[in-house]
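# Fold and contact review
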Amino acid sequence: MNVVVLSDTHAPRRWKACPPAVAGYLRHADVILHAGDVCTAGVLDELSAYAPVHAVLGNNDGPDVAAWGAPETLELDLDGLRVAMIHDSGQAAGRTARMRRRFPGAGLVVFGHSHIPMDVEGDGVRVFNPGSPTDRRRQPHGTIGVLDIAGGRLREARIVPVT
């Protein structure tokens, strides 16, 4: 299963339309995860044209994103792997232990908020932040995540520069 992970697209200020480099990955996605701060539900509709979308609410998301169906947290099964999603995973210190307690059944927790790409394993859980494709802040590139999941296992996780 090919999963494309996005976060912090911040439309319409930062995401006017899907950037071509991002669209290139979305065309091959089996599923798309958005870890919040979509800012307008239209982005989720746009992403849905590529593949099924699962999203969570970010601190900048309004009622239209909630009405689209984005909850505060989400847990789902992707080809046998339990995946949890949350926008803000809190401070860096103790993150993996905190996410293990919050989502005890998850093998992978996807989050956003910081705009800092991250892929860390600890305390029996892997935490993954794709960064932002459109609002890189102090990062050298805008980024997305690409996951390869098969048979209940995360076979590969990559942070991909798209700017």
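Notes on the structure follow.

Basis of the calculations
- Residues numbered from 1 in each chain as written.
- Predicted model: local features only at pLDDT ≥ 70, side-chain atom pairs only at ≥ 80, totals over all residues.
- Heavy atoms only, no water.
- Helix = DSSP H or I, 4+ residues; strand = E, 2+ residues; numbered from the N terminus.
- Rg over C-alpha atoms; globule rule 2.2 N^0.38 Å.
- Buried < 20%, exposed > 50% of the residue type's maximum accessible area, 1.4 Å probe, protein only.
- Contact = heavy atoms within 4.5 Å.
- Areas by Shrake-Rupley, 256 points an atom, 1.4 Å probe, with all protein chains shown as cover.
- Lys, Arg positive; Asp, Glu negative; His and termini not counted.
- Charge placed at Lys NZ, Arg CZ, Asp CG, Glu CD.
- Salt bridge = Lys/Arg side-chain N within 4 Å of Asp/Glu carboxyl O.
- Pairing = 2+ DSSP bridges.
- Axes fitted to C-alpha atoms, helices over the stretch in contact; angles between N-to-C directions.

### Quick look at the overall build of the protein
Of regular secondary structure, the protein possesses four helices and 10 strands. Taken over C-alpha atoms, the radius of gyration comes to 14 Å for the protein, in line with the 15 Å a tight globule of 163 residues would show. In terms of its C-alpha atoms, the protein occupies a principal-axis envelope of roughly 40 × 35 × 30 Å. The proportion of buried residues among the 163 residues of the protein is 50%. Within the protein, contacts between residues at least 6 apart in sequence are counted, and of these 53% link residues at least 24 apart. For the protein, the computed accessible surface area is about 7,100 Å², with 50% contributed by carbon and sulfur atoms. Distance from the positive charge centre (17 side chains) to the negative charge centre (18 side chains) of the protein: 6 Å.

### Brief notes about the environment of Gly80
Mapped onto the elements of the fold, Gly80 is located in the loop between strand 4 (73-78) and strand 5 (81-86). Considering only alpha carbons, one finds Gly80 and Arg95, 15 residues apart in sequence, at a separation of 24 Å.

### Some points on the environment of Ala66
On the secondary structure map, Ala66 appears in helix 3 (residues 63-68). Owing to a relative accessible area of 36%, Ala66 belongs among the partly exposed residues under this scheme. Separated by 32 residues in sequence, Ala66 and His34 have C-alpha atoms that sit 13 Å apart.

### Describing the pattern of salt bridges
A full pass over the atoms with the stated rule returns six salt bridges. Where Arg14 meets Asp135, a salt bridge forms, and the shortest distance between an N and an O atom there is 3.6 Å. With a gap of 121 residues between them, Arg14 in the loop between strand 1 (2-6) and helix 1 (20-26) and Asp135 in the loop between strand 8 (125-129) and strand 9 (143-150) connect regions that are remote in the sequence. Residue classification places Asp135 among the buried residues on the basis of a relative accessible area of 5%. Across the salt bridge formed by Asp135 and Arg137, the nearest N and O atoms sit 3.7 Å from each other. Sharing partners across several salt bridges, the network here consists of Arg14, Asp135 and Arg137.

### A few points about the sheet that holds strand 9
The mixed open sheet is built from five strands, whose spatial order is 3-2-1-9-10. The open sheet has two edge strands with one neighbour each: strand 3 (53-55) and strand 10 (153-161). For this sheet the average axis-to-axis angle between neighbouring strands, irrespective of direction, equals 20°. Relative to strand 10, strand 9 runs antiparallel, the two sharing eight bridges. Among the inter-strand pairings, Ala150 is bridged to a residue of strand 10, identified as Arg153. The strands touched by helix 2 (residues 41-48) are strand 1, strand 2 (31-34) and strand 3; relative to strand 3, the strand with the most contacts, the crossing angle is about 150°.

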